[in-house]
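Structure at a glance
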Amino acid sequence: MTLFENTKIVISSLFTRPATLMYPAKPAKKTANTRGHVTINPAGCITCRTCQRKCPTQAINVDVKEKTWEIDNMRCVVCAVCVDTCPTTCLTMDNQYRPAMTARGGIEKVTVAGPKKKEPAAAPANGAKPAEKKE
Amino acid sequence: MAAQVITPIGVGDVVSKAGQAKKDGYRLVQIGCTKIGDDFEIIYVYDKDFTLLSYRITVKEDVVIPSISSEYFGAFVYENEIHDLYGLHVSGINIDFKGTFYKTAIKHPFNVTITKEGDSCQNK
Amino acid sequence: MSKQITVPFGPQHPVLPEPLHLDLVLEDETVVDVIPSIGYVHRGLEKLVEKREYTEYVFIAERICGICSFIHSQTYVQGIEQIMGLEVPERATYLRTIWGEYSRLHSHLLWLGLFADSMGFESVFMNAWRLREHILDDLEATTGGRVIQGVCKVGGVRKDITPEKLDEMLKGLRGMEHELNDLTNVFLNDSSMKHRLRGVGVLKKEDAYVLGAVGPTARGSGLAIDIRSTGYGALGKINFKPVVEYDGDCYARCAVRAKEMFTSIDIIEQCIKKIPDGPVDMKVTGAPDGEYFSRTEQPRGEVIHYIKGNGKKNLVRHRVRTPTFTNIPPLVTLLKGVDLADVPVVVLSIDPCIGCAER
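Residues numbered from 1 in each chain as written. Chains lettered and ligands numbered in written order. Predicted model: local features only at pLDDT ≥ 70, side-chain atom pairs only at ≥ 80, totals over all residues.

A separate point is the overall build of chain B. On a plain count of helices and strands, chain B comes out with two helices and six strands. Along the chain direction, N to C, the helices and strands of chain B fall in the order β-α-β-β-β-β-α-β. In chain B, buried positions account for 34% of the 124 residues. Long-range contacts, defined as pairs at least 24 residues apart, comprise 50% of the intrachain contacts of chain B with a sequence gap of at least 6. (Helix = DSSP H or I, 4+ residues; strand = E, 2+ residues; numbered from the N terminus. Buried ≥ 20, exposed ≤ 12 C-beta atoms within 10 Å, placed from the backbone. Contact = placed C-beta atoms within 7 Å.)

Spelled out as structure tokens, the structure:
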């Protein structure tokens, strides 16, 4: 009769550190690749709306006229398709999870730079103006 | 992967083909239903030694389809699902749930398409 | 003539990971008949095909189930690639196989823990899940997600693994093998476990074949049905043999899963040694036109995705037939003759993943 097969494992775990991570008192384990939430660099956005078209849960809304970019964090499933397809790479995937909520919330709205205006070819007087400006 | 051939047959041959497959040693893999326009296509897939044998029938909504659970006992899950999701009538299932296999808010949900207005988060 | 009473089992039950209802007809504590009832987590995911394009649908296919999510997405993209005639780069197929086997390891460890818990053996449950953390850590470090990987796409994979990381993963697995050995030793050799599992819930080989059992449920009864033998993905270039046991009882099914973990580690090692360099994805244009049955081996058995497209961006039909759905008729058969107290152990021995079964 082979009994107490598990005793060896139990006794050895008496002498090792507990494997439980005391989250949220201690921060969660994170790696460089972890998908936490989507962040945007507003200066780089050109409101092409590629992220809005590609988002599988329709969590992103871009308003071209108002020049705003909005994301519903509770709808986002952090699939990173928007990050991969953004042409100016202004979206990044941060590796901290978004905080838990007890009521409807998590909608972030930022004002973005918008498409760059093309510099008119014959404008030598204002040659020094920077390319990025609102309207 | 080898090419996969799906043979079209008539509704009356369903049970005899199932009996033939069972005699030849095939096991039932799945029975799947697709709605194309007004027609329903039901595909019976059998497998032996990793080679698939598939049959397709095309029916309209009011046709009664015979059950193959006399040959394959396990077919009742698929046939009850077809009845509950698509509204097709399958006669002679050995364990017939009579529409209570999946209890959904809308009867036969895969038959209807509903578009909700203004449901997306971002006021689209 | 003893009286028959009906006892409802589920949908809420401590051993069940997901809701499943069984009406047990009992005569003096022995089950004589079972009527199953599912539909508690039916989400109708297949209907979303009409709303999402075939490239975005990968994310929905992944979320059919949390435990077997990677292999669902792998099967789906494989089906689309076969219809469209795409030649996926070889490195991508090897990476998919590696992640698929990691997925199998984590699923079997999860099941071993739940199985021990159903018998009341909680310290083994906690040990199994502690080992599972190593696997989830590796998955998170390479794909970004512990449970839902989100790394498959039509035409390849979205992330690559550096050779140093691959070596580190292999060293980690080999180091874990010693602890895995200790854990499976408890399942296979401990007398009290054997007493509870031997001879309980026997499924004979002929019954298993005709009723459509797949996966470890079938392999525990002597049927060598393992879709990995067809050689999809990179498995055509890997040597492996399916694990088969012949008794057909709960002990055999448990032994199949315990030994399959070591087979998985072997497959991962062979993949890591043979993985070629190269790109991991390819450009995809157009839309699928045609139909195909895509089959792979999930931890619970054979999953088959039927995909039908007609040249538009939205598919016509995507039907998933998961292994638990087809293991329900064998469950109904093998529960007959079992004592009421053994019913939770037997139900758990087929590894019910009802979220998959109902999509």
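On we go.
A few words on the environment of C:Thr296. All names here are of chain C. If you trace the backbone, Thr296 turns up in strand 6 (residues 289–298). A tally of 23 C-beta atoms within 10 Å means that Thr296 is categorised as buried. Spatially, the C-alpha atoms of Thr296 and Phe115 are 25 Å apart, while their sequence positions differ by 181 residues. Setting aside its immediate chain neighbours within four residues, Thr296 contacts Ile71, Gln74, Thr75, Ile227, Tyr232 and Val303.

Turning our eyes to something else, we now look at the interface of chain C and chain A. With 24 residues of chain C at the interface, the matching set in chain A holds 19 residues. Broken down by secondary-structure element, the contributors of at least two residues to the side of chain C that touches chain A are helix 4 (122–143), helix 5 (163–189) and helix 6 (191–197) of chain C. Counting residues per element, the side of chain C that touches chain A draws most heavily on helix 4 of chain C, which supplies ten residues. Residue composition of the side of chain C that touches chain A, by class: four nonpolar, eleven polar and nine charged. (Nonpolar A, V, L, I, M, F, W, Y, C, P; charged D, E, K, R; others polar.)

With that settled, consider the pairing of strand 3 (residues 68–72) of chain A. It is a general feature of regular strands that their side chains alternate between the two faces of the sheet. Residue and element names in this part refer to chain A. Where strand 2 (residues 60–63) meets strand 3, four bridges bridge the pair, whose relative direction is antiparallel. Considered in strand 3, the bridge of Asn61 is made with Glu70. Between strand 2 and strand 3, which follow one another and run antiparallel, lie four residues, and Lys67 among them has a positive phi close to 60°. Where strand 3 and strand 5 (residues 107–111) come together, five bridges link them in antiparallel fashion. (Pairing = 2+ DSSP bridges.)

Turning our attention to the interface of chain C and chain B. A common way to state how big an interface is: give the accessible area lost once the parts meet. The interface is formed by 25 residues belonging to chain C together with 23 residues belonging to chain B. Among the secondary structure elements, those contributing two or more residues to the side of chain C that touches chain B are helix 7 (205–211), strand 6, strand 7 (301–310), strand 8 (317–321) and helix 10 (323–334) of chain C. Looking at the side of chain C that touches chain B, the element that brings in the most residues is helix 10 of chain C, giving four residues.

Let us look at helix 2 (residues 76–86) of chain B. Counting buried residues in helix 2 of chain B gives ten out of eleven residues, a clear majority hidden from the surface. Among all positions in helix 2 of chain B, only B:Phe76, B:Val77, B:Tyr78, B:Glu79, B:Asn80, B:Glu81, B:Ile82, B:His83, B:Asp84 and B:Leu85 are buried. The secondary structure elements touched by the buried residues of helix 2 of chain B are strand 2 (27–36), strand 3 (39–48) and strand 6 (89–91) of chain B together with helix 10 of chain C. Among the residues trailing helix 2 of chain B, B:Gly87 stands out with phi positive, at a value near 85°.

Our next topic: the packing of helix 3 (residues 90–118) of chain C against helix 9 (residues 250–274) of chain C. Residues and elements named next belong to chain C. At their nearest, the axes of helix 3 and helix 9 sit 9 Å apart, and the two run at 155° to each other. Considering the angle they form, helix 3 stands roughly antiparallel to helix 9. In the packing of helix 3 onto helix 9, the handedness of the crossing is left-handed. Here helix 3 contributes Tyr94, Thr97, Ile98, Glu101, Arg104, Leu105, His108, Trp111, Leu112 and Phe115 to the contact with helix 9, which in turn contributes Cys254, Arg257, Ala258, Glu260, Met261, Ser264, Ile267, Ile268, Cys271 and Ile272. The residue makeup of the contact of helix 3 with helix 9, split by class, is 13 nonpolar, three polar and four charged. (Axes fitted to C-alpha atoms, helices over the stretch in contact; angles between N-to-C directions. Parallel < 35°, antiparallel > 145°, perpendicular 65-115°, else oblique. Left-handed = near helix turned anticlockwise from the far one by under 90°.)

Okay, the packing of helix 2 (residues 69–84) of chain C against helix 3 of chain C next. Residue and element names in this part refer to chain C. Contact geometry of helix 2 with helix 3 gives a least axis separation of 8 Å together with a crossing angle of 145°. Where helix 2 crosses over helix 3, the handedness of that crossing is left-handed. Here helix 2 contributes Phe70, Ile71 and Gln74 to the contact with helix 3, which in turn contributes Arg96, Trp99, Gly100 and Ser103.

All names here are of chain C. With four of five residues buried, strand 8 lies mostly within the body of the structure. Note that strand 7 and strand 8 share five bridges and pair antiparallel. Looking across to strand 8, one finds that Lys308 is bridged to Arg317. Following strand 7, the chain reverses through six residues before pairing antiparallel with strand 8; Gly311 in that reversal takes a positive phi of roughly 90°.

Turning next to the sheet that holds strand 6 of chain C. All names here are of chain C. Taking strand neighbours across the sheet as the criterion, the three strands line up as 6-7-8 in an open arrangement whose pairing is antiparallel. Of all strands in the sheet, those with a lone pairing partner are strand 6 and strand 8, marking the two edges. With strand direction ignored, the average angle separating the axes of adjacent strands in the sheet is 10°. Across the sheet, helix 2 touches strand 6 and strand 7, and the angle it forms with strand 6 is around 150°. Along the sheet, helix 10 makes contact with strand 6, strand 7 and strand 8, crossing strand 7 at roughly 130°.

Now for the confidence of the model for chain A. For chain A, the mean per-residue pLDDT works out to 75, and 84% of the residues sit at or above 70. Confidence drops under a pLDDT of 50 for residues 122–135 of chain A, and excluding neighbours within four residues, the segment shows seven contacts in the predicted structure. (pLDDT = per-residue confidence, 0-100.)

Before going further, it helps to examine helix 3 of chain C. Residues that lie three or four places apart on an α-helix share one face, since the helix turns once every 3.6 residues. All names here are of chain C. Taking 1.5 Å of rise per residue, the 29 residues of helix 3 would be expected to cover 42 Å, and the 42 Å separating its terminal C-alpha atoms lies within 8% of that figure. The buried fraction of helix 3 amounts to 26 of the 29 residues, a majority that puts the element mostly inside the structure. At the exit of helix 3 stands Gly120, carrying a positive phi of roughly 95°. (Expected span 1.5 Å × (residues − 1).)

Residue and element names in this part refer to chain C. One can find Gly355 in helix 12 (residues 354–358). Since 23 C-beta atoms lie within 10 Å of it, Gly355 is described here as buried. C-alpha separation for the pair Gly355 and Pro19, spaced 336 residues apart in sequence, amounts to 8.5 Å. In contact with Gly355, other than residues within four places in its own chain, are Glu18, Val41, Cys65 and Gly66.

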